Structure formats: structure tokens, C-alpha cells
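The residues making up each chain are set out below.
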Amino acid sequence: MATPAGLGPASPPAIPGAAAVAPAAVAACAAMAVSYVAFLYAPTVVLRLPPPTSLRAFLHRRFACAAVASTASALATAALLRVWSLGDFADMLAVFGVRKDHLLQAVVIPLLLTSLVYAGSFVNRLWLLASSWGRDGDEVGVSCAQRLVLWIQAAVDDVMVWRNYVVAPFTEELVFRACMIPLLLCGGFKMSTIIFLSPVFFSLAHLNHLFELQQQGCNFMRSLLIVGVQLGYTVIFGWYAAFLFIRTGNLLSPIVAHVFCNMMGLPVFSSPRTKGVASVAFLAGSICFFWLLFPATSPELYNTRLDRCRCWHGFCNWK
């Protein structure tokens, strides 16, 4: 395989026996998106189990459903691509971007790159922290340390923390990036097309929020507005996550970005209390983000060599 240029290798993915064609690949991805959501509602709609009695029980059930959906998608992808023809188990996992090499780069570089978009958010939070220090003096340092310990203890026991920072990022990235992108690549789609196409499936999987908001008593127009904003955000993030996965060939990269974005929420564009500093920081951070986007995700940083590779992304650490 020739050395890749641009987004990745110019030649087709080199997975032995991959026979998926474009319509079949799209159909498989659509089925995975639908099944991921369907599994979440299966206990009450299909199995007719009684509704959970608490939020914790409800989310624990959702966690189990998401795990089953992710496993089913991974097995379906493995069957469609016949990954067992690669022979070695490590090579099979590499098709899904599960690799043990270059782990530090796969975690640290995407994390730092993603944080640039949140420069305004960091300024806003630091401004609030500095204001608190000015009012409360040395006691703030003690209270901050105590609050950090309490926050960690509460986070470990908080089921929403597990949902937002563990289960959702890992299962969604496995299905919507690790399973779908190799299928689309082997279906003959160009990498640039996949980056903009795959988030469509990711967004479709969030349409169930419209139904849930309606069940909670929210009126239709307000629900539509909320879900519309969510879909717009998921599409933008989906572009970025797909780009990271394709460029690095490592599933950890989009997972780290997903967790970080869930923690930070929407970036702060401006804040009256910072007197414009947050806006300047956001603008500067965004410019740096786009300036470093390709250099920071260069395949050379995440792979020992870029040719003679049997993995879909065209990059590997074989010698």
C-alpha cells in the first residue's frame, strides 16, 4: 500500500475478503443506528418489563441495553468484513481502532487539540475562580481542595456521570465510528465523504430525545428546538470524531474528545463578566484549532510506518 496523503491512503482499504458495496454499507450503518436506539427501548416496548422505579435503575437498564447494542454492531461488522481472515487477534481489533501502540499520542494530542475550542470556557471559569479567591481569601484554597475530594466521591457514585462520561462515549464511538467507518470505507466511499456522511447516522440516533421530551410534558415546538440544537451539535462533533478516527486509526482519540466535550458542554463564545476576554480567547483558540487540525492529527504521530499495512486505515506500526 502506498504512503497515504491528505486524509489517508489513496488505495482501497486492505481488509482481505471485504465484499461490502456502497448500498450494503449504508444499509448496515442505518440498521446499526436504528438498532442502537431500539435496544434502549426494548425492555419496556418489546420485553414488556415494568418501568424502572428510579433513575438509577432506569440508567442501569440503559447501560445494559447500550452494551448489547454495541456488541451486536461489532459482531455484525466483523461478519460483514470477515475480519477473522486477518488471522491475528490484534489485527482484528485494529480494524475497530482498538490498538495498544501509540496510546499516549492517541489520548494526549486529541485532548489538547479539542481543548483549544474551549479556550473561552477556561477563561470564564478561571475568572470566576479568581473572583472567589478575591472575596474569600485563603479559605478558598482549603474549600477548593475539600470540594474536589467531595466532587470525586460524588462523581463515582453518580449514575449520570457514568452515563455521560463512560457508557455513552464508549458505546457510541464504538458503534458510530469503529463499526460504521470501516464498513463505509470498504463500501468504496472516500474518506472525505465518510467524514460528512457518518455523522448523519449519529444524529439520527439522537432523534429519540424528541419522543422523550414529549413524554416529559414539553410542548412540541420547544422539543423540536431543543432537539434541533442537539442534532446540529452532534453533526459538528460527528465530523470531528470521524476525522480523528480516520486520521489516527485509534478509537481512543474520538472517545477522549467525546468525554471532554461532554464534560465541558457547549463552548463559551462570550461572557459579560470577563469583559470580552473570553471572546478573544475563544477566537484565538478556534484559530489555533483549525491551524493545528491537520498537523496534530498527522498519521506519522500515531503510527510507526505508513505502508504495507493490512488495516483499513492504511497505517500501522508493523516493521
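In the nomenclature of an unreviewed UniProt entry, the protein chain is known as intramembrane prenyl-peptidase Rce1 of Urochloa decumbens. UniProt lists a comment for the protein chain under the heading Subcellular location (unreviewed entry), and it reads "Endoplasmic reticulum membrane". Reading the Catalytic activity (unreviewed entry) entry of the UniProt record for the protein chain gives the comment "Hydrolyzes the peptide bond -P2-(S-farnesyl or geranylgeranyl)C-P1'-P2'-P3'-COOH where P1' and P2' are amino acids with aliphatic sidechains and P3' is any C-terminal residue."

Caption draft 1: Main features of the overall build of the protein chain. Counting secondary structure elements, the protein chain contains 12 helices and zero strands. The helix and strand sequence of the protein chain, counted from the amino end, reads α-α-α-α-α-α-α-α-α-α-α-α. For the protein chain, the proportion of contacts with a sequence separation of at least 24, taken over those separated by at least 6, is 76%. Of the roughly 16,300 Å² that the protein chain leaves accessible, carbon and sulfur atoms contribute 71%.

Caption draft 2: Representation of the nonpolar core. In this structure, Y36, F96, F176, M180, I181 and Y240 are the most contacted members of the largest nonpolar core, which totals 60 residues. Elements that contribute at least two residues to this core include exactly α1 (22-45), α2 (55-81), α3 (89-95), α7 (159-186), α8 (191-204), α10 (220-248), α11 (252-264) and α12 (277-296). The greatest single-element share of this core, amounting to 12 residues, is contributed by α7. Other than its neighbours up to four places away in sequence, M180 contacts C29, M32, A33, V175 and F201.

Caption draft 3: Layout of the side chain of T77. By the secondary structure assignment, T77 is in helix α2. We classify T77 as buried; its relative accessible area is 0%. Beyond its immediate sequence surroundings of up to four residues, T77 is in contact with M32, F96, C179 and L183.

Caption draft 4: Molecular detail of the UniProt feature "transmembrane region" (unreviewed entry) in the protein chain. Those places that UniProt annotates as "transmembrane region" (unreviewed entry) correspond, in this numbering, to residues 20-42, 63-84, 104-127, 174-202, 223-245, 251-269 and 276-294. End C-alpha atoms of residues 63-84 are separated by 28 Å, and the span's content is 86% helix alongside 0% strand. For the annotated span residues 104-127, helix accounts for 88% and strand for 0% of the residues, and the straight-line distance between the end C-alpha atoms is 31 Å.

Caption draft 5: Spatial organisation of the pattern of salt bridges. Across all of its chains, the model carries three salt bridges by this definition. Two residues, R177 and E173, come together in a salt bridge whose shortest N-O distance is 2.7 Å. With R177 and E173 both in helix α7 and four residues apart, the pair spans about one turn of that helix. Neither residue differs from the other here; R177 and E173 are each classed as buried.

Caption draft 6: Quick look at the packing of aromatic side chains. Considering all chains together, one arrives at eight aromatic pairs under this definition. One aromatic cluster is present, built from ring pairs that chain together Y118, F122 and F260.

Caption draft 7: A look at the packing of α1 against α2. Direction vectors running N to C along α1 and α2 enclose 150 degrees, while the axes themselves pass 9 Å from each other. With respect to each other, α1 and α2 are oriented roughly antiparallel. Judged by the sense of rotation from one axis to the other, the crossing of α1 with α2 is right-handed. Residues A28, M32, S35, Y36, F39, L40, Y41, P43 and T44 of α1 lie in contact with α2, whose contacting residues are R61, R62, C65, A66, V68, A69, S70, S73, A76, T77 and L80. Within the contact of α1 with α2, the residues separate by chemical class into 13 nonpolar, five polar and two charged.

Caption draft 8: Quick peek at α12. Most pronounced at F290, the bend in α12 amounts to some 30 degrees. For α12, the set of buried residues is A278, A281, F282, G285, S286, F289, L293 and A296.

Caption draft 9: Structural context of α7. Look at α7: 38 Å from first C-alpha to last across 28 residues, which is about the 40 Å you get at 1.5 Å a residue. The N-capping residue of α7, defined by a side-chain oxygen 2.9 Å from the backbone nitrogen of M160, is D158. Looking one or two places after α7, you find G188, whose phi comes out positive at around 100 degrees.

Caption draft 10: Highlighting unusual backbone geometry. Positive phi, close to 50 degrees, is recorded for R82, a residue that is not glycine. Residue placement: R82 occurs in the loop between α2 and α3. Residue class for R82 comes out partly exposed when judged on its relative accessible area of 40%. In this model, H102 sits at a positive phi of 55 degrees, which is unusual for a non-glycine residue.

Caption draft 11: Main features of the packing of α1 against α7. Orientation of α1 relative to α7, taken along the N-to-C sense of each, is 170 degrees, at an axis distance of 9 Å. With respect to their mutual orientation, α1 and α7 come out roughly antiparallel. Across the interface between the two elements, A25, V26, A28, C29, M32, A33 and Y36 of α1 pack against T171, E172, V175, F176, C179, M180, L183 and L184 of α7. Tallied by class, residues from the contact of α1 with α7 come to 13 nonpolar, one polar and one charged.

Basis of the calculations
Every chain is numbered independently, its residues counted from 1 as its sequence is written. It should be noted that, the model being predicted, local features are given only for residues of pLDDT at least 70 and side-chain atom pairs only at 80 or more, the latter also being counted only at that level, while totals for whole chains, interfaces and linings use all residues. Computation of side-chain values covers all heavy atoms of the structure but excludes hydrogens and water. UniProt positions are given in the numbering used here, feature names are shortened, and annotations may be inferred rather than shown by experiment. Put simply, DSSP marks the helices as runs of H or I at least four residues long and the strands as runs of E at least two long, and each gets a number from the N terminus on. Here, residues are in contact when the closest pair of their heavy atoms is within 4.5 Å. All accessible-area figures derive from a Shrake-Rupley calculation using a 1.4 Å probe, and residue coverage is judged against the displayed protein chains alone. For our purposes a nonpolar core is just a set of buried Ala, Val, Leu, Ile, Met, Phe, Trp, Tyr and Cys residues, chained together by side-chain atoms within 4.5 Å. Buried residues are those whose accessible area, probed at 1.4 Å on protein chains only, stays under 20% of the maximum for their type, while exposed residues exceed 50% and partly exposed ones sit between those limits. Every case where a carboxyl oxygen of Asp or Glu lies within 4 Å of a side-chain nitrogen of Lys or Arg is listed as a salt bridge. Any two of the Phe, Tyr and Trp rings considered here, Trp counted by its six-membered ring, make a pair once their centres fall within 6.5 Å; the pair's planes then place it as stacked at under 30 degrees, edge-to-face at over 60, or tilted in between. Angles here are taken between N-to-C directions and fall from 0 to 180 degrees, while the axes themselves are lines fitted to C-alpha atoms, restricted in helices to the stretch in contact. The scheme is simple: roughly parallel for angles under 35 degrees, roughly antiparallel for over 145, roughly perpendicular for 65 to 115, oblique for anything else. Crossings are sorted by hand: turned counterclockwise from the far helix by less than a right angle, the near helix makes the crossing left-handed, and turned clockwise it makes it right-handed. Each residue gets one label: Ala, Val, Leu, Ile, Met, Phe, Trp, Tyr, Cys and Pro are nonpolar, Asp, Glu, Lys and Arg are charged, and the others, such as Gly, are polar. One axis fitted to the seven residues ending at a residue, another fitted to the seven starting there: the angle between these axes is the bend at that residue. Multiplying 1.5 Å by the residue count of a helix minus one yields the expected span of that helix. Pairs of N or O atoms are called polar contacts if they sit within 3.5 Å, as long as, within protein, a hydrogen donor faces a hydrogen acceptor (for residues adjacent in sequence, only side-chain-to-side-chain pairs).

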